[in-house]
Amino acid sequence: MKLGVRAKLFAFSLFLILVVGLLAGSFLEHQRRTSIENRVESELLTVARMAREMITDLDVRSVETIDSLSDRLGAASDSRITVVDSNGWVIGDSELSIDEIPEVENHGKRPEILAAFQSGLGVNRRHSATVDSDLLYVALPYGIPSPAGVVRASVLLADVDKAITELRWSLFIAGVLGLLGATLLSGLAAHIMTRTLRSLINHAKKVSEYSMGAFVVGRDEIQSLAGSFNRLSEELQAQVEIMAWERDRSKAILDCMSEALFALDEQKRIMQVNPAAMDLFSLDQPPLGQLLPEVSGESQLGILVEGASPGRVVSTEFCMEGSGRRCVLARVASPRSGSGCVVVMHDITEIRMMEQFQREFVANASHELRTPVSVIRANTETLLDGAIHDSAMSLKLLNALDRNAQRLVHLVSDLLDLARLDAKQREIKQESLSVEEVVMHIVDILQPLANKKGQAIDLALHEGTRVRGDLQALEQTLLNLLDNAIKYAPDNGKIRISSRLAGSRVQIRVYDNGPGIPEQHRPFLFQRFYRIDPGRSRDVGGTGLGLSIVKNLVEAMGGVVGMEPALPTGSIFWFALPKYRG
Ligand code: ADP
């Protein structure tokens, strides 16, 4: 059976009123009865005492005097007075005539009379079949010290029962009134509660239907509500777990980000910072609660953050002074709600360096290409303008044409090599190569050039050494270094190629006794188009790209490259490749 909130409240109130009414009623009844009986008993005792005193004062204790006294006392005290002699025979009674007295049975065995004789006071309550009511008896001996009899006062307890009946009626009426009140109040309370409950239920219904698809139906409104709240709390728990997971994921993302990130609150104070930001500004502790310009020392960031407006992304680029001079692109985004903002900083130092490098490279390459192209054009025009008919002149011009065309070919071929290496288009193998064989092969190729300058090429190679690398790359490396040695060593100069083991690597050294390289130029030797003496380099057919190609090739094979001065003059260019462990 389904009971609504109102019915439940009413049933509960009824039960409460009944239980409380019954308990209170029986307690009150007991109290009332005891109190009335005590009062009646004490009144009877007073009457009995008076009777005793008066009997004691009688000059003549005859049946006539005692019965007459009993009649008067009974009438005055509204109770029954009975006097018995020491043998228990009635010698006076307020409700009997003197003629009836001798016929009255002996009272000596009545409990109150016996008690009065024995202990000086007898009290008894019992039912009288004659009057069909309870009676209370109080008996006192008279003529003490040797009792001459007992005087007894008694009264009908019908009054007590009447008072109790009245009390019961009062309680009943109070109960009925209470019940009526409870009905009204429980109805009112249920009305107010169900109204509040219904709005709560409707709300829970909407939320649960939105988040869980179905509203929980229970046996009554409260159970429906409880069911929905249980499901809502489960849903809440699930949401909290999802939020915790998302928080961990966001933290992982922030930790992995290479960009520096600062989250600022409404007062533009730092709330969150990621490890990349700590690195960028060399911070030991997260600077929470501080202002970004103070932490970074960059006033530009302050201006940027102040210029942030909700829903808009603003950015600025600046280079920080100090060691390393890092360039940064900073972006600020504010949520549409307008509370706080997020600053993300990209370290663009390398991008800017690369751009600068590319600009210089293009400028250098154009410059290098322009020179031979100009010579070729000028010589061709001169020939076409008539110099072709002058055989000596045309020979000179054609030689210059050939030299510059060759230079152009070298330049383009070197640029293409570098471009392929940069784009990692050139495949670099990792094969076992005999240092001796490769060196001999390159020496064979360049020996004629060295011979032309009367130069001797010495070899001091560690026997049977093998390196791990790419044959073409190793040959090109050696060709460039030996070509440079031949170019820059004087006529009849000395050149030596040696090899030696250096840990897990094999070092190959190319020595020449040329002019050497001044110390200030050494750090830049392997940069593209870097030349100590551009005029001399061009004269000897150099492009300024040879050493940078060497560096790229050696590093692509997992090796290192370097240069040392030789004594008294000259240079030693070296590279080391991983030893092959077959
Ligand atoms: P280049 O084609 O001009 O030789 P490289 O990149 O091979 O270009 O060399 C760069 C510069 O290093 C050269 O212009 C030259 O000034 C210097 N250089 C290279 N090798 C030697 C060497 N063996 N002796 C002296 N200077 C050298």
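None of the values given here were measured: they were computed from a predicted structure.

## Examining the overall build of the protein chain
Within the protein chain, the regular secondary structure consists of 14 helices and 17 strands. Compactness check: the protein chain gives a C-alpha radius of gyration of 64 Å against a globular reference of 25 Å for 582 residues, more than 25% above the reference. Counting all 582 residues of the protein chain, 38% fall into the buried class. Here the protein chain displays about 33900 Å² of accessible surface, and carbon together with sulfur accounts for 57% of that area. Measuring between centres, the 63 positive side-chain charges of the protein chain sit 10 Å from its 72 negative side-chain charges.

## Side note on the packing of aromatic side chains
Tallied over the full model, the rule gives five aromatic pairs. Geometrically, the ring pair formed by phenylalanine 262 and phenylalanine 281 is tilted, given 5.9 Å between the ring centres and 50° between the ring planes. Of this pair, phenylalanine 262 sits in strand E6 (residues 260-264) while phenylalanine 281 sits in the loop between helix H6 (275-280) and helix H7 (292-296), placing them 19 residues apart in sequence. Since its relative accessible area comes to 0%, phenylalanine 262 is described here as buried. Measuring from centroid to centroid gives 5.6 Å for phenylalanine 524 and tyrosine 530, while their planes differ by 40°, and the two rings are tilted.

## Observations regarding the packing of helix H10 (residues 391-422) against helix H14 (residues 546-556)
As a packed pair, H10 and H14 sit with axes 10 Å apart at the nearest point and diverge in direction by 30°. Between H10 and H14, the crossing angle belongs to the class labelled roughly parallel. Helix-helix and strand crossings are classified by hand; for H10 and H14 the assignment is left-handed. Residues Asp414, Asp417, Leu418, Leu421 and Asp422 of H10 pack against Gly546, Ser548, Ile549, Asn552 and Leu553 of H14. Grouping the amino acids of the contact of H10 with H14 by side-chain chemistry returns four nonpolar, three polar and three charged.

## As for the state of the cysteines
Enumeration over the complete set of coordinates arrives at one disulfide. Bridging cysteine 319 to cysteine 327, the disulfide has an S-S length of 2.0 Å. Handedness here is read from the sign of the S-S torsion; for cysteine 319 and cysteine 327, about 95°, the answer is right-handed.

## Regarding the site of the ligand
The immediate surroundings of the ligand are formed by 18 residues, with Asn484, Asp512, Ser537, Thr543 and Leu547 found nearest. Here asparagine 484 contributes a side-chain N or O atom positioned 2.9 Å from an oxygen atom of the ligand. The contact in question runs from an oxygen atom of the ligand to an N or O atom on the backbone of leucine 547, over 2.8 Å. For the ligand, whose accessible area on its own is 520 Å², the fraction buried by protein is 96%. Those elements that provide at least two residues to the shell around the ligand are helix H12 (471-488), H14 and strand E17 (571-578).

## Some details on the sheet that holds strand E3 (residues 122-128)
Across the sheet, five strands lie side by side as E2-E1-E5-E4-E3; this open sheet has antiparallel pairing. For this open sheet the edge positions go to strand E2 (90-93) and E3, each flanked by a neighbour on one side alone. Shown here is a sheet whose adjacent strand axes are inclined to one another by a mean of 25°, direction ignored. Across three bridges, the pairing between strand E1 (residues 80-85) and E2 is antiparallel. Residue pairing for E2: valine 84 is matched across the bridge by valine 90.

## Details of the pattern of salt bridges
Close approach of charged atoms allows side chains with opposite charge to pair. Enumeration according to the criterion identifies 22 salt bridges in this entry. Linking arginine 152 and glutamate 112 is a salt bridge whose minimum nitrogen-to-oxygen distance equals 2.8 Å. Of this pair, arginine 152 sits in strand E5 (residues 149-156) while glutamate 112 is found in helix H3 (residues 111-119), placing the two residues 40 residues apart along the sequence. Among the residues examined, glutamate 112 registers a relative accessible area of 0% and is labelled buried. In this structure, the salt-bridge partner of arginine 407 is glutamate 368, at a minimum N-O distance of 3.6 Å. Placement of arginine 407 in helix H10 and of glutamate 368 in helix H9 (residues 349-384) is noted, with a sequence separation of 39 residues between them. For the residue pair arginine 407 and glutamate 368, the accessibility class agrees, reading buried in each case. One salt-bridge network, held together by shared partners, links Glu37, Arg125 and Asp134.

## Remarks on the nonpolar core
Counting residues in hydrophobic clusters, the biggest one holds 47 residues, and the most contacted among them are Leu474, Leu478, Leu482, Ile497, Leu545, Phe573 and Phe575. For this core, the domains that each give at least three residues are domain 3 (352-422) and domain 4 (431-578). In contact with leucine 478, other than residues within four places in its own chain, are Val438, Val439, Ile442, Ile508 and Phe575.

## Digging into the environment of serine 26
Turning to its location among the elements, serine 26 is positioned in helix H1 (residues 5-57). Serine 26 gets classed as partly exposed once you look at its relative accessible area, which sits at 44%. In sequence terms serine 26 and proline 111 are 85 residues apart; their C-alpha atoms lie 29 Å from each other. A polar contact is formed between the side chain of serine 26 and the backbone oxygen of leucine 23, at a distance of 3.1 Å.

## Things to note about the pairing of strand E8 (residues 313-319)
The side-chain alternation of E8 yields one buried face, formed by Val314, Thr316 and Phe318, and one unburied face, formed by Val313, Ser315, Glu317 and Cys319. The pairing of E8 with strand E9 (residues 327-333) spans seven bridges and is antiparallel. By the bridge assignment for E9, cysteine 319 is matched with cysteine 327.

## Quick look at the packing of H12 against H14
The interhelical angle for the contact between H12 and H14, taken along N-to-C directions, is 150°, at an axis separation of 9 Å. As summarised for this structure, H12 and H14 are arranged roughly antiparallel, according to the angle between their axes. Handedness of the H12/H14 crossing: left-handed. Residues Ala473, Gln476, Thr477, Asn480, Leu481 and Asn484 of H12 form the contact with H14, whose participating residues are Gly546, Leu547, Ile549, Val550, Leu553 and Val554.

The rules behind the values
Residues numbered from 1 in each chain as written. Predicted model: local features only at pLDDT ≥ 70, side-chain atom pairs only at ≥ 80, totals over all residues. Heavy atoms only, no water. Helix = DSSP H or I, 4+ residues; strand = E, 2+ residues; numbered from the N terminus. Rg over C-alpha atoms; globule rule 2.2 N^0.38 Å. Buried < 20%, exposed > 50% of the residue type's maximum accessible area, 1.4 Å probe, protein only. Areas by Shrake-Rupley, 256 points an atom, 1.4 Å probe, with all protein chains shown as cover. Lys, Arg positive; Asp, Glu negative; His and termini not counted. Charge placed at Lys NZ, Arg CZ, Asp CG, Glu CD. Phe/Tyr/Trp six-rings, centres within 6.5 Å; stacked < 30°, edge-to-face > 60°. Axes fitted to C-alpha atoms, helices over the stretch in contact; angles between N-to-C directions. Parallel < 35°, antiparallel > 145°, perpendicular 65-115°, else oblique. Left-handed = near helix turned anticlockwise from the far one by under 90°. Contact = heavy atoms within 4.5 Å. Nonpolar A, V, L, I, M, F, W, Y, C, P; charged D, E, K, R; others polar. Disulfide = S-S within 2.5 Å. Near = heavy atom within 4 Å. Polar contact = N/O pair within 3.5 Å; in protein donor to acceptor, adjacent residues only side chain to side chain. Pairing = 2+ DSSP bridges. Salt bridge = Lys/Arg side-chain N within 4 Å of Asp/Glu carboxyl O. Core = buried A, V, L, I, M, F, W, Y, C linked by side-chain atoms within 4.5 Å. Domains from an automatic or database assignment.

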